[in-house]
Amino acid sequence: MDVLILLLVLLLTVAVLAYHRASLSLFTAAIAIELAVATFTGTVGLASWIIFALLAAPLNVASVRQSYLTKPLLKLYRKIMPEMSSTEKEAIDAGTTWWEGDLFRGSPDWHKLHNFPKPRLSPEEQAFLDGPCEELLRMVDDWHITHERADIPPHVYQFLKDKGFFAMIIKKEYGGLEFSAYTQSCVLQKLTSKSMILSSTVGVPNSLGPGELLQHYGTKEQQDYYLPRLAKGLEIPCFALTSPEAGSDAGAIPDFGVVCKGQWEGKEVLGMRLTWNKRYITLAPIATVLGLAFKLQDPDKLLGDKEDLGITCALIPTSTPGVKIGNRHFPLNVPFQNGPTQGNDVFVPLDFIIGGPKMAGQGWRMLVECLSVGRAITLPSNSTGGIKAAALLTGAYARIRRQFKLPIGKMEGIEEALARLGGYAYMSEASTTMSVGSIDLGEKPSVVSAITKFHMTERMRQAIIDAMDIHGGKGICMGPNNYLARGYQGAPVAITVEGANILTRNMIIYGQGAIRCHPFVLAELQAAGLEDERAAVTAFDRALFGHIGFAISNFFRSVWLGLTNAAFSQSPYNDATARYYKQMNRFSAALALMSDVAMGTLGGDLKRRERISARLGDILSMLYITSAVLKRFNDDGRPAQDLPCVQWACEDNLYKAQQALDELMDNFPNRAVGVVLGKLLFPWGRRLRKPSDQLDHQVARILQTPCEARSRLATGVYLTVEPNNQIGLIEKALTDILVAEPLFDKVAQAAGKRLPFYRLNEVADLGLSLGVISEEEAEKLRIAEQGRLHTINVDDFEPTYLAADKSLFAEAAKSSSAAA
Ligand SMILES: Cc1cc2nc3c(=O)[nH]c(=O)nc-3n(C[C@H](O)[C@H](O)[C@H](O)COP(=O)(O)OP(=O)(O)OC[C@H]3O[C@@H](n4cnc5c(N)ncnc54)[C@H](O)[C@@H]3O)c2cc1C
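Thresholds, definitions, all that
- Residues numbered from 1 in each chain as written.
- Predicted model: local features only at pLDDT ≥ 70, side-chain atom pairs only at ≥ 80, totals over all residues.
- Heavy atoms only, no water.
- Near = heavy atom within 4 Å.
- Polar contact = N/O pair within 3.5 Å; in protein donor to acceptor, adjacent residues only side chain to side chain.
- Areas by Shrake-Rupley, 256 points an atom, 1.4 Å probe, with all protein chains shown as cover.
- Nonpolar A, V, L, I, M, F, W, Y, C, P; charged D, E, K, R; others polar.
- 1 Å grid on protein atoms, 1.4 Å probe; cavity = no way out; pocket = protein on both sides within 12 Å on 5 of 7 lines; lining within 4 Å.
- Points joined across faces, edges and corners; volume = space filled by probe spheres on them.
- Helix = DSSP H or I, 4+ residues; strand = E, 2+ residues; numbered from the N terminus.
- Salt bridge = Lys/Arg side-chain N within 4 Å of Asp/Glu carboxyl O.
- Buried < 20%, exposed > 50% of the residue type's maximum accessible area, 1.4 Å probe, protein only.
- Axes fitted to C-alpha atoms, helices over the stretch in contact; angles between N-to-C directions.
- Parallel < 35°, antiparallel > 145°, perpendicular 65-115°, else oblique.
- Contact = heavy atoms within 4.5 Å.
- Phe/Tyr/Trp six-rings, centres within 6.5 Å; stacked < 30°, edge-to-face > 60°.
- Lys NZ or Arg CZ within 6 Å of the ring centre and 35° of its normal.

Engineer: Explain the site of the ligand to me, using residue names and the numbers behind them.
Structural biologist: If you check the shell around the ligand, you find 20 residues, and the closest are Leu241, Thr242, Ser248, Tyr280 and Glu610. Here a nitrogen atom of the ligand and a backbone polar atom of Phe239 are 2.8 Å apart. Compared with its free state, where it exposes 970 Å², the ligand has 69% of that area covered by protein. Its residues assigned to classes, the shell around the ligand comprises 12 nonpolar, six polar and two charged.

Now the structure itself:
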């Protein structure tokens, strides 16, 4: 009995110390003290001390441990770990880890999250948003751009160049705007709320492309020449990586350059002959400078010993003889400038390599480093702007549009989709702001940027589907009054570019996340790669035993947090949000545990088990987005009105995290491990639920009712009321309708009839004749009717207007008049 109690006390001690991540020496000391007490009470004798010494000595004495444990384990590790390709190594080395690392490690510090500064605009940046941005949006007519012209008009291009829209990332010393990542995001969000083409066209030169690459890696001469020209819009850049044979597997591009001597501007210089065939390149048809990625070969060893130098990036003026550009692709009826480019044996000097000849072969590293930053800005911002606009417009539309004598937004089925729009609008703003904020803090967050890119573009796709469903035929019939269809058509573009989403979810998020965020895995890998065996053993020993302690701790944390439903774990606030922090503590510990279990049982095979990796990445992503939501709520001053959106977003994400963990257990390759851990992590079953119907109702109401929470959801959307801005017009119509409703009720009551809520101008006349409303009130009813009709009506066209080839109609007309 006494021995049983002792064993229980020992287990409890180990569990408590492990939960708090105590050191090995503290474990050893605590167990020794308990053994001493047990010896004193006569519960144990010498045998127990011998067992203790046999276990504790090799673990605590470094030289013994390294000789008898670490060395053989290092040998085994080297045998089972697969070789990493150089492109994989460079991808993993690129960028930094940030808050996602804390979430990955099983014990997030919530004060740290809330202490990250809230991104803010400088007065100059705010003035740009209020000035040139608004002016630009007033200039554009999206239907003219997307349908009539299939391009941005020349005067708008000129405005973009003159005002520095293409130079947001370029430093002031070169004439650029040098905006923060947060400001770039605000600009893109604002542009996208009216025109996707505008935001894509502005996004690309400010993202991964010549400007970014030159600032980081260019030679002084290249910077001095190109950056002021890019800032002034004298150069239009594009960046060409993708080829027909290499899309997602961009490291496998067949495009190549051969180092050789040749003639350049009348002199013989060392250069390269380039051959490429690229496609899908944004801005290529109108580019003046082509950023080109290719594999550089040096068969004659003119640069050194290596024949295959690897992926290299160069800047090629498109006026160079042999450069082919001009043709356009037609990306899903969102006709921004995008097309192929080819070149065959085009000779350029080696100085065209970005960073000069010394950067030959460094292209892949340059690209993945820049992508770590760019991927968090352009597509997440465009998606967030799109989601916010869709949420606002759809809320207003659902309140204005009536069927069955009710605003459709009052119907429960519509509320479900509206709630998703509201929840996604809140969480996408929160996540994008937090991610771009990390860039402004100096991070190059490769995992965060992949999470943000994937999840914001996916949520944008769902949001636009929900918005289309709620709009019915109004969303489908295209024309100047349709503000959704282009977003719906264009959604797959964001899904596909900068890492197609299936690949991003299945390989990149967790593939990079596991190695980058884990506190010991990278250290183990690096230790195993050391050539000096002594140094390798010492470093591997530190990493491996740290790792074992970490895994034990995560096991006990996960079990305890599962048993108690995290009820006693830490939360920085004791209010309606506390349970979300606590659930995150639980999922964070479970993720850390499952990561180790997956890596331990699958080893290098985890790389190929993409669906296991995807689900682990989903848990990490849901934790990241939920923490962004809670941070936003805090940064905004915890306004009670926003709680429904905050709760909806947290509950949706945490439910998805539970689903991912559940599916992970169900599909775990080692069934026994999946079943046992499933029971340990969910001892009371899967208890989290989707947002309730009641919560859906509250969020749907926010979207349909002008209020502070709704205005906060719309932050940064272009709301100006002007003839070409549907969002401004529909917002005005919503306000006008809400003003008219009580007047309508007054007239209907006086008339003693249930009037239908249309022909409000006739209702105005009736009210005047009954003497129950004033002329001023009658005018409000007439204005509301105009807005109502504008909101529900769709465009129609003469039959010939829609044909791309008008000559067919001219021929038909000619032959019918000839026949007559
Ligand atoms: C409109 C547009 C603009 C673009 N702009 C540019 C540009 O300016 N510059 C540039 O260089 N490129 C550009 N691209 C190219 C873009 O980056 C590629 O389209 C993208 O990398 C995917 O390549 P792919 O289309 O050939 O698809 P594929 O590589 O053929 O992929 C097809 C599918 O397979 C999936 N997949 C591939 N590998 C895996 C894997 N290991 N695991 C799971 N799933 C996988 C992908 O996720 C995708 O769903 C643009 C593309 C488009 C459509």
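Back to the text.
Engineer: Could you give an account of empty space enclosed by the protein, with specific residues and numbers?
Structural biologist: Gaps between atoms show up when a probe of the same size as a water molecule is rolled over them. Following the criterion strictly, the structure yields three cavities of 30 Å³ or more and no others. Roughly 40 Å³ of internal volume is contained in the largest cavity. Contributing elements (two or more residues each) for the lining of the largest cavity: helix H22 (533-563) and helix H23 (578-602). Tallying contributions element by element places H23 first for the lining of the largest cavity, with three residues. Taken as a whole, the second largest cavity spans an internal volume of roughly 40 Å³.

Engineer: For the pattern of salt bridges, give the residues involved together with the corresponding values.
Structural biologist: Scanning the entire structure with this criterion turns up 34 salt bridges. For Lys118, the salt bridge goes to Asp636, with nearest N and O atoms at 3.4 Å. In this pair, Lys118 is assigned in the loop between helix H7 (110-115) and helix H8 (123-139) and Asp636 in the loop between helix H24 (610-635) and helix H25 (643-666), connecting sequence segments 518 residues apart. Look at Asp636 and you get partly exposed, because its relative accessible area is 26%. The closest approach of N and O atoms between Lys278 and Asp255, which form a salt bridge, is 2.8 Å.

Engineer: Now, about the packing of helix H11 (residues 181-192) against helix H12 (residues 196-206): what can you tell me, with residues and values included?
Structural biologist: Close contact between H11 and H12 brings their axes to 7 Å; oriented N to C, the two are set at 155 degrees. Compared by their axis directions, H11 and H12 come out roughly antiparallel. Counted together, Gln184, Leu188, Leu191 and Thr192 of H11 and Met196, Leu198, Ser199, Val202, Gly203 and Asn206 of H12 form the full contact between these two elements. Here the contact of H11 with H12 is composed, by residue class, of five nonpolar, five polar and no charged.

Engineer: Explain the side chain of Asn634 residue by residue, including any values.
Structural biologist: Looking at the secondary structure, you find Asn634 in helix H24. A polar contact of 2.9 Å, which involves the side chain of Asn634, links it to the side chain of Tyr573. Setting aside anything within four residues of it in sequence, one finds Asn634 in contact with His114 and Tyr573.

Engineer: Let's hear about the packing of aromatic side chains: which residues, and what values?
Structural biologist: Counted according to the given criterion, the structure contains 20 aromatic pairs. Considering the side-chain rings of Trp110 and Tyr581, the 5.3 Å spacing of their centres and the 70 degrees angle between planes classify their relative orientation as edge-to-face. Remark: Tyr581 occurs in helix H23 and Trp110 occurs in helix H7; sequence separation between them is 471 residues. Each member of the pair, Trp110 together with Tyr581, is buried. Taken together, the ring pairs in this structure connect Trp98, Trp99, Trp110, Phe116, Tyr573 and Tyr581 into an aromatic cluster. Directly above the aromatic system of Phe757 lies the positively charged group of Arg402, at a separation of 4.0 Å from the ring centroid. Here the basic side chain of Arg459 rests over the ring of Tyr424, its NZ or CZ set 5.4 Å away from the ring centre.

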